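# Coordinate inspection notes
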Amino acid sequence: MEAKREFRGSDTHGVLQRFGADIRATSEGHGWSSIYASIQRENPFEGRFEAIADDLIVLHRSGPVQTTFASGGQVTSRRIPKGSIFFLPAGHACEVGLHGALDTLHIYLRANLVSVHKVAPLLVERDVIIQHLAQAVEQAVCEKVSNSDLFIDPIARALADRVSAISRSSEPWQVQTAGLPDYELRRINDFIEANLEGEITLAAMASACGIGTKSFVRAFAATTGKSPYQYVIAARVERAKRLIEQDQEGLAEIALRCGFSHQEHLTRAFRRLTGQTPGRYRRSVN
């Protein structure tokens, strides 16, 4: 059987070498045929990726950073958070402006792996599936894994399948927002519960997840179907219900313990979410 040809750096855009990136590790010499991967710190630059025969996935390992992309008449300029993914399909040229230093993982995929034809360039925020697969590739690069058929090729196919699935419903440069993973939602719930008596700001909630406020709002809404404000108010009302059921404190004290500014504030929120006042709820449960 003819040996598969290794996917080498010479098959890529060569942008990292052109713009002086600090390349930390690559898959060169590992014998991988379906993926070429490199880990680096990119310095600010403006340049052009010429069209090549294979697909490129760039995972932002740090950030946020201001970045400009232009391809096929479509231009986008935005502040890209850590964890975001840029996908440039085979056959597309692209002009890029990176306006700050950035740690990245580049993953080149053989184009025959992606099943969707006429795929557009994509920006994807916080897709947990791609992030986990990309982290597996990163670890394999660092550990110099050489078994392409058993380990790398299945990851390559999984990455291609995920990109294909996202691409089916996307317009060029459309920002796809995935929801918060379960562990981050648990972290947010713990943060809210621990701080419910005081002020809970949007910036503090986003910081608890380690992401920017705009990305957090989009991901939070995609996960919960609510704004952070609505979610916190609902948590305050749920705590009020528990305290009312204990029947040990007055409603004014309960309002303060739940982070409401006064009893009337509690009453308005309680009635809106439960359809009854706190006093009527107390009478129904005690």
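Residues numbered from 1 in each chain as written. Predicted model: local features only at pLDDT ≥ 70, side-chain atom pairs only at ≥ 80, totals over all residues. Heavy atoms only, no water.

The next point concerns the pairing of strand β6 (residues 74–80). As judged from the 7 bridges shared by strand β5 (residues 65–71) and β6, these two strands associate in the antiparallel manner. Across the sheet, residue S71 finds its bridge partner in β6, namely Q74. Where β5 folds back onto β6 in an antiparallel hairpin, the turn is made up of 2 residues, including G72, whose phi is positive at roughly 55°. (Pairing = 2+ DSSP bridges. Helix = DSSP H or I, 4+ residues; strand = E, 2+ residues; numbered from the N terminus.)

Another aspect to go through is the packing of helix α7 (residues 228–246) against helix α9 (residues 263–274). Running from N to C, α7 and α9 point in directions that differ by 95°, and their axes come no closer than 10 Å. It follows that α7 is roughly perpendicular to α9 by the angle criterion. Residues I233, A234, V237, A240, K241 and I244 of α7 form the contact with α9, whose participating residues are L266, A269, F270, R272, L273 and T274. Considering only residue class, the contact of α7 with α9 consists of 9 nonpolar, 1 polar and 2 charged. (Axes fitted to C-alpha atoms, helices over the stretch in contact; angles between N-to-C directions. Parallel < 35°, antiparallel > 145°, perpendicular 65-115°, else oblique. Contact = heavy atoms within 4.5 Å. Nonpolar A, V, L, I, M, F, W, Y, C, P; charged D, E, K, R; others polar.)

So, about the environment of T12. Positionally, T12 belongs in the segment before α1 (15–18). Apart from the residues within four sequence positions on either side, T12 is in contact with F7, Y36, I52 and Y108. At 3.3 Å, the side chain of T12 and the backbone nitrogen of G14 are in polar contact. (Polar contact = N/O pair within 3.5 Å; in protein donor to acceptor, adjacent residues only side chain to side chain.)

With 19 residues, α7 should cover 27 Å at 1.5 Å per step; its first-to-last C-alpha distance of 28 Å lies within 8% of that length. Every buried residue of α7 is listed here: P228, Y231, V232, I233, A234, A235, R236, V237, R239, A240, L243 and I244. Those residues of α7 that are buried lie in contact with α4 (182–195), α5 (202–209), α6 (213–224), α8 (251–257), α9 and α10 (278–285). Trailing α7 by a residue or two, D247 shows a phi angle of about 55°, which is positive. (Expected span 1.5 Å × (residues − 1). Buried < 20%, exposed > 50% of the residue type's maximum accessible area, 1.4 Å probe, protein only.)

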